[in-house]
Amino acid sequence: MEKTLSIIKPDAVKKGVIGQILTRFENNGLRIAATKKIQLSQKEAEEFYAIHKERPFFKDLVEFMVSGPVVVSVLEGENAVLKNRELMGATNPKEAAPGTIRADFAENIDANAVHGSDSLENAKIEIEFFFSKTEIL
Ligand code: GDP
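A brief report on the enclosed structure follows. Every value quoted in this text rests on a predicted model; they were computed, and no experiment measured them.

### Details of the sheet that holds strand β1 (residues 2-8)
Item 1. Read from one edge to the other, the open sheet built from four strands follows the order β2-β3-β1-β4, with strand pairing classed as antiparallel. Two strands in the sheet have a free side with no partner beyond their single neighbour: β2 (31-38) and β4 (114-116). The mean angle between the axes of side-by-side strands here comes to 20°, regardless of whether they run parallel or antiparallel.
Item 2. Sheet topology note: the β1/strand β3 (residues 70-77) ladder contains seven bridges and is antiparallel. By the bridge assignment, S6 is partnered in β3 with S73.
Item 3. Strand contacts of helix α2 (residues 18-27): β1, β2, β3 and β4, with the helix running at about 165° to β1, the strand carrying the most contacts.
Item 4. Contacting β1, β3 and β4, helix α5 (residues 80-88) crosses the sheet at an angle of about 30° to β1.

### Some details on the layout of surface pockets
Item 1. Its volume calculated, the largest pocket comes out at about 640 Å³.
Item 2. Of all the secondary structure elements, the ones that give two or more residues to the lining of the largest pocket are α3 (42-48), β4 and α7 (120-130).
Item 3. Residue composition of the lining of the largest pocket, by class: nine nonpolar, seven polar and seven charged.
Item 4. Space inside the second largest pocket adds up to approximately 200 Å³.
Item 5. Considering the residues around the second largest pocket, the lining is formed by K3, L120, A123, K124, I127, E128, F131, S132, K133 and I136.

### Thoughts on the pairing of β1
Item 1. β1 sits mainly inside the fold: five of its seven residues count as buried.
Item 2. Here β1 pairs with β4 via three bridges, running antiparallel. In the sheet register, S6 faces β4, and the bridge partner there is G116.

Criteria and thresholds
- Residues numbered from 1 in each chain as written.
- Predicted model: local features only at pLDDT ≥ 70, side-chain atom pairs only at ≥ 80, totals over all residues.
- Heavy atoms only, no water.
- Pairing = 2+ DSSP bridges.
- Helix = DSSP H or I, 4+ residues; strand = E, 2+ residues; numbered from the N terminus.
- Axes fitted to C-alpha atoms, helices over the stretch in contact; angles between N-to-C directions.
- Contact = heavy atoms within 4.5 Å.
- 1 Å grid on protein atoms, 1.4 Å probe; cavity = no way out; pocket = protein on both sides within 12 Å on 5 of 7 lines; lining within 4 Å.
- Points joined across faces, edges and corners; volume = space filled by probe spheres on them.
- Nonpolar A, V, L, I, M, F, W, Y, C, P; charged D, E, K, R; others polar.
- Buried < 20%, exposed > 50% of the residue type's maximum accessible area, 1.4 Å probe, protein only.

As structure tokens, this is what we get:
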């Protein structure tokens, strides 16, 4: 069993598709071990995406992530990291496979509906960033 971190980004929260996205996880063998709606601060968004600090899109990415509430969740299941990435689809929704979350709900590469950990190692770090052990059940 693996755990991974999912973020439903501000565009998808504004659209009112939190339930539809969480349902996709549950329908595909990913159990919701923790979930909460939060407003990221500038500092938190910068820290979370620190790996992209030198990228040209960093400023836009942080600005977008603080533009409204997000829903962070811990998903648990077999191959949870990879399974979540498959359900999400490609980073650029124009390249995302039909039926994926990004193909169905994302507008563009900035407002791309969801984040998902890209490795088991990052999943652990990202889960600890948002949740204490007692919140994961
Ligand atoms: P992800 O793991 O699929 O979310 O993609 P990355 O970790 O590579 O990038 C993090 C986030 O930065 C993506 O989800 C996009 O919102 C944004 N991003 C990545 N690449 C680009 C880019 O080339 N241009 C812009 N504007 N945003 C990008």
